[in-house]
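Below, each chain spelled out in residue letters.
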Amino acid sequence: MITDVVCVEIPGNRDDVLRILKRTGISGVPVLKDGELVGIITRKDLLRKAEETQLGLLMTPDPVVIRPDAPISEAAQLMVRHNIRRLPVLQDGKMVGLISVADLIGAVAQLRITLPIKENYVSKTYALWEETPLSLVGRVLEISGYDAIPVLMEDGTLTGIISERDLIRHSRIEDGVEVSDFSNGTDDDEWTWESIRDMHTISYGISKIQLLPIPVKNAMVKNVLAVPLNAEVGECALKMRRARVDQLPVVNGNKRLVAMLFDRELIKVLLPDQQAVRKN
């Protein structure tokens, strides 16, 4: 685990959280109130609740936690079961650290596991065209549940990867005004008075996280590191660790995209049933 954990406090500011995620590249931060852990705010929370500014409404309350003396297999189990990327580490009710998927990938790399990734760890995927607007990319990630999607050129060649990290990096805060009409009357209703209708029209300010109006090719990571289907688990974990990436495209002999290898799938090798398979 890491012990120098970046946190935010309630009451706090959503814009500060966005700045932290942009500056550090981390995917989420614990939320504290009077020194006690009360929640987690992630990149997903900011992108899906773009108009929300209150940390208490943005965060996921009562996060899943783990003990400092727990085995890493338990950490992997919790992350896989709850589909989460980080676990605050609590001792006597106080947060003493945090362990993430990236930390577990480092452990997998040290184990030098020779199992091929094609057996249990690759995921089916689809791709986006490099001219896809960034706002649509955000919506696709939200609907699909993916953290990242490969990007192709017109000829189908892999040209990049776009992830939630890249979306956060290419976002901005926009302030504006919206109008809500609470009037029951319409222009076809001769009994509705204009003065009454106007009284039921309310203008209010909003502060929203917006993705920049650019194509995905201007925001994606280029020069993507790819691996073949017969690559080994330990080798891929080491590549992820060194490149500080959460995923690797998987290509066939013709270097055409066939699947994706996500770090959250790769840590399944640490689960007890997979440890038995490795021993056999």
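Below is a summary of the structure that appears in this document.

Here is what the cut-offs are and how they apply
- Within each chain, residue numbers correspond to sequence positions counted from 1 in written order.
- Given that this is a predicted model, residues contribute local features only at a pLDDT of at least 70 and side-chain atom pairs are listed and counted only at 80 or more, while totals for whole chains, interfaces and linings are drawn from all residues.
- To get the side-chain values, all heavy atoms of the structure are used, and hydrogens and water are removed first.
- Burial status follows relative accessibility: with a 1.4 Å probe on protein chains alone, a residue under 20% of its type maximum counts as buried, one over 50% as exposed, and anything between as partly exposed.
- A run of H or I in DSSP becomes a helix once it reaches four residues, and a run of E becomes a strand once it reaches two; helices and strands are each numbered from the N terminus.
- To be clear, the arc concerns the directions from the helix axis to the C-beta atoms.
- Residue contacts follow a heavy-atom distance rule, with two residues in contact if any of their heavy atoms lie within 4.5 Å.
- One bridge is not enough; two strands pair if DSSP finds at least two bridges between them.
- To get an axis, fit a line to the C-alpha atoms, keeping to the stretch in contact for a helix; angles then go from 0 to 180 degrees between the N-to-C directions.
- The cut-offs work like this: below 35 degrees is roughly parallel, past 145 is roughly antiparallel, 65 to 115 is roughly perpendicular, and the gaps in between are oblique.
- Definitions for this section: a left-handed crossing has its near helix turned counterclockwise from the far helix by less than a right angle. A right-handed crossing has that turn clockwise.
- When residues are grouped by polarity, Ala, Val, Leu, Ile, Met, Phe, Trp, Tyr, Cys and Pro land in nonpolar, Asp, Glu, Lys and Arg in charged, and all others, Gly among them, in polar.

### Details of helix H9 (residues 233–243)
Turning to H9, its buried residues are Val233, Gly234, Cys236, Ala237 and Met240. In an axial view of H9, the angular spread of the buried residues amounts to 165°, which keeps them on one side of the axis. Contacts from the buried residues of H9 go to helix H5 (101–111), strand S13 (227–228), strand S14 (247–251), strand S15 (257–262) and helix H10 (263–266).

### Brief notes about the sheet that holds strand S7 (residues 122–123)
Read across the open sheet, the 4 strands follow the order S7-S15-S14-S13; overall the sheet is mixed. A single partner strand is all that each edge strand has here, and the edge strands are S7 and S13. Bridge count between S13 and S14: 2 bridges; the pairing is parallel. Residue pairing for S14: proline 228 is matched across the bridge by valine 251.

### Describing the sheet that holds strand S1 (residues 8–9)
Strand order in the open sheet formed by 4 strands is S1-S2-S3-S4, and the pairing between neighbours is mixed. Since the sheet does not close on itself, it has two edges, and those belong to S1 and strand S4 (60–61), each with one partner. Sitting on the sheet, helix H1 (residues 14–24) touches S1, strand S2 (28–33) and strand S3 (36–42), and the angle it makes with S2 is about 145°.

### Quick notes on the packing of helix H4 (residues 72–82) against H5
Two elements in contact, H4 and H5, have axes separated by 11 Å at closest approach and are oriented at 135°. With respect to H5, the axis of H4 lies oblique. At the point where H4 passes H5, the crossing takes the left-handed sense. Judged by residue contacts, Ile72, Ala75, Ala76 and Met79 of H4 engage Val101, Leu104 and Ala107 from H5. Here the contact of H4 with H5 is built from residues that sort into 7 nonpolar, no polar and no charged.

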